Each structure stands twice: as structure tokens, then as C-alpha cells.
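# Notes for the structure review
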Amino acid sequence: MSLVLPPAKRARVEEDEEVAGGEISTHVNRSSQLAAPTMLFSGHQAAVYTCKFDPTGQYMASGSHDKSIFLWKVYGEDDCNFNVLAGHKNVVLDLCWNRDGSKVISASADKSVGVWDVNVGRRTRTLSKHSGVVNSVGLGEGSLIVSGSDDCTAKVWDVRSRRVEQEFEAKYQITAACFSHDNELIFTAGIDNEIKAWDRRNESVVFVLEGHKDTITGMAVSPNGASLLTNSMDKSLIQWDVRPFVNESRFSKQFFGAQHNMEKNLLKCSWSADGEMVSAGSSDHVVHIWDVPTGEELYHLPGHAGSVNEVAFHPKEPVIASCGSDKQIYLGELNA
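Given the structure is predicted, the values throughout are model-derived calculations rather than measurements.

## Details of the overall build of the protein chain
Within the protein chain, the secondary structure is distributed over zero helices and 31 strands. On the principal axes, the C-alpha backbone points of the protein chain span a range of 55 × 45 × 35 Å. Within the protein chain, the proportion of its 336 residues that are buried is 58%. Once local pairs closer than 6 in sequence are excluded, the contacts in the protein chain between residues at least 24 apart make up 47%.

Right, dumping it as C-alpha cells:
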């Protein structure tokens, strides 16, 4: 795949090609409504650390070392970048959409969480109670979000009032935080190599997941809520059983192939909408996708010229988005 791009904030259609361990679909058997089986979105001026589809799959948001958030149209070839959200004073490390797709919530190294109105293209809330870099942000029920920070806290916010509803304090920096599927637990992970499950009712740790040997960089709950996926600098991607009342080991399986390097980026991980596939950021410039039931790697997709920092699954079609330290975002169609 060529990575020589025009200096424009738009999509570029790529030529189809087979790759080891899987292939982007050919002209003969298309599996999505993308304008082409493979597309490149360019425009960011520095490494792209996060990318997420909105709930409809019509739009995507990306956050970058250039301090900006780009909003993209997923379908169509021209003018795919329809807005740039500027206002953070440092790197944008993570983001998520709210449930109706009207807002983007961002985590930044400027120690703040931003709430952005997509329809008007501006920031409507700045949540600034953290005293350290905000590494992670996750969506909860209603108007609640959770953020994890280098100040060793995870904070649950009500974005309507800007209030901190709850605070969970760890001993070490928190690099990833998210709600459980039923919103009764908060999961936090960080440089102590552990995942803690906090009961929101009494704000205490109910169980700890141990097995990683280095900093945990990403975390995601499965669509059915039964499993938690964690990515670590020890080059392990682990699936855990987080259902209540589990008496045996909560370790389910490990997926092999993802890499971390001396850049020590917070490489994220994700589930497909049906929970049958997982993916993780990887420093080897490759998009890795695994089959959950078997643990086998289904796709091994090169193309990036830098670390792949996040891979996002489309909510409705067999499409993935990947963003990297090469400043680029790929959209690719998986085989039907």
C-alpha cells in the first residue's frame, strides 16, 4: 500500500491487495458500503492515538498528538473530514461518543476531559478536576463518564453538571478505566500491572485481576458484558471473565502477536460488535485481529508506517478503522 498522500484532509481510495494472514476484500465480493475496500484518511499533523466510530457507523472521530479532534464521514470519497475540534492544550489520548452520537468526550494530557457538541462543532464542557494527565475516558449509563489519570484517580462525572459523582483512588497512575456492562463496577488499570474492579455502591475493590507483567495500556468490556480485554506493555492481550460469582480463575485466554516497543504508547484494544473478534494496537505497524472462540489470528494487516495505536470495529458492518503514529487512519473492509 502506498502511503504517499496529498496534503488534504480527505479520504484516499487505495488499491486492493492481499496480505499475510487475511486479506482486504476484492472487487468481486464487497462486504460493506464503503466507497472502496480500503481507504486512507489523512489530515492530522502528528501521531493519531485514538479513533472511534459513532453509534450509527456514519461518522468517526480521531484524536491526535497535534491536540485536535477530527470528525470524519465514513461513507463517500470527497470531503470526508467535516470538522476539526480545537481547544485542548496538549495531546488528545482517548475519546468516546455518547449514546446518541451528538457528543464526543475526550481525554487529554492537558489534565482535562472535554465534552464536544458535534452538531455545532465546539466544546461545551471542560472537566478539569484532575491534577495529572488524563489517559482514558469511558462511557457509562445516562450522562455518566469515567476518566483515568496519572493523578492516580478514576473519576465518574455527570457531564450535564460537570460534577464529580464518584472518585476511586489507586496507589499508582491509572492508564485505563471503563464501566462494567451493567454500570455497577468501575474497572481501572495502570502501571502496577493489575486490573481492579471497584463496586460503585461502596467504592471498594471487589476483585483484582493479576497476570500482566507490565503497564496495562488499554481495556475494553465485551458487548455481552461477560469478559474484559486488556492490552499490556508485556506484549500480552488477555481476556478475563468478569461475571459475578466466579469462584475459579478469571483468566480466560491470551491472544498472541501484538507488540509494544520503547515508545511506550498507550495502545488500546477493542471488540467487534458481535463479540466474535478482538483487536489491539501494536507497535509492529500491523493491524492484528483475532477470533475469540479459537484465539487464532484471523487478520495480519500491514500498511501503517508507524505504531498502530488503536483499531476500532464498525458497529454495523465488517469494517475496521486503524490509527497510527504515522499520522494516518485506515478504513478497511473485512472479508464477508
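## Describing the pattern of salt bridges
Counted by the stated rule, this structure contains eleven salt bridges. For arginine 160, the salt bridge goes to aspartate 158, with nearest N and O atoms at 3.2 Å. Salt-bridge contacts for lysine 196 lead to aspartate 192; the nearest nitrogen and oxygen are separated by 2.7 Å. Of the residues examined, lysine 196 reaches a relative accessible area of 15% and is grouped as buried. Each of the salt bridges in this network shares a partner with another, and the network as a whole consists of Lys52, Asp94 and Glu310.

## Some remarks on the sheet that holds strand β28 (residues 297-301)
Overall, antiparallel pairing links the four strands, which are arranged β25-β26-β27-β28 in an open sheet. Strands with a single pairing partner mark the edges of an open sheet, and in this sheet they are β25 (269-271) and β28. The sheet shows a mean angle of 15° between the axes of neighbouring strands, direction not considered. Pairing of strand β26 (residues 277-280) with strand β27 (residues 287-291), which is carried by four bridges, proceeds in the antiparallel orientation. Looking at the pairing, alanine 280 lines up with histidine 288 of β27.

## Let's talk about the environment of isoleucine 238
With respect to the helices, strands and loops of the structure, isoleucine 238 is situated in strand β23 (residues 237-241). Given a relative accessible area of 3%, isoleucine 238 falls into the buried group. In sequence terms isoleucine 238 and glycine 211 are 27 residues apart; their C-alpha atoms lie 8.7 Å from each other. Not counting the four nearest positions on each side in its chain, isoleucine 238 is found in contact with His212, Leu228, Leu229, Thr230, Phe251, Lys253 and Gln254.

## Thoughts on the sheet that holds strand β11 (residues 113-117)
With antiparallel pairing, four strands are arranged side by side in an open sheet as β9-β10-β11-β12. Both outer strands of the open sheet, β9 (92-97) and β12 (122-127), are each paired with one neighbouring strand and no more. Adjacent strand axes in the sheet meet at a mean angle of 25°, parallel and antiparallel pairs treated alike. Alignment of β9 against strand β10 (residues 103-108), held across five bridges, turns out to be antiparallel. By the bridge assignment for β10, leucine 95 is matched with serine 106.

Criteria and thresholds
Each chain carries its own residue numbering, running from 1 in the direction its sequence is written. In view of the model being predicted, local features appear only for residues whose pLDDT reaches at least 70, and side-chain atom pairs are presented and counted only at 80 or more, with totals across whole chains, interfaces and linings using the full set of residues. The side-chain values count all of the structure's non-hydrogen atoms but skip hydrogen atoms and water molecules. Runs of E in the DSSP output that reach at least two residues are strands. Runs of H or I that reach at least four are helices, and both are numbered from the N terminus. The cut-offs for exposure are 20% and 50% of the maximum accessible area for each residue type, with area from a 1.4 Å probe on protein chains only; residues under the lower value are buried, those over the upper are exposed, and the others partly exposed. Contact criterion: two residues are considered in contact whenever any of their non-hydrogen atoms come within 4.5 Å of each other. Counted as salt bridges are all cases of a side-chain nitrogen of Lys or Arg within 4 Å of a carboxyl oxygen of Asp or Glu. Two strands are said to pair when DSSP picks up at least two bridges between them. Helix axes are fitted only over the stretch in contact, all axes being lines through C-alpha atoms; the angle between N-to-C directions runs from 0 to 180 degrees.

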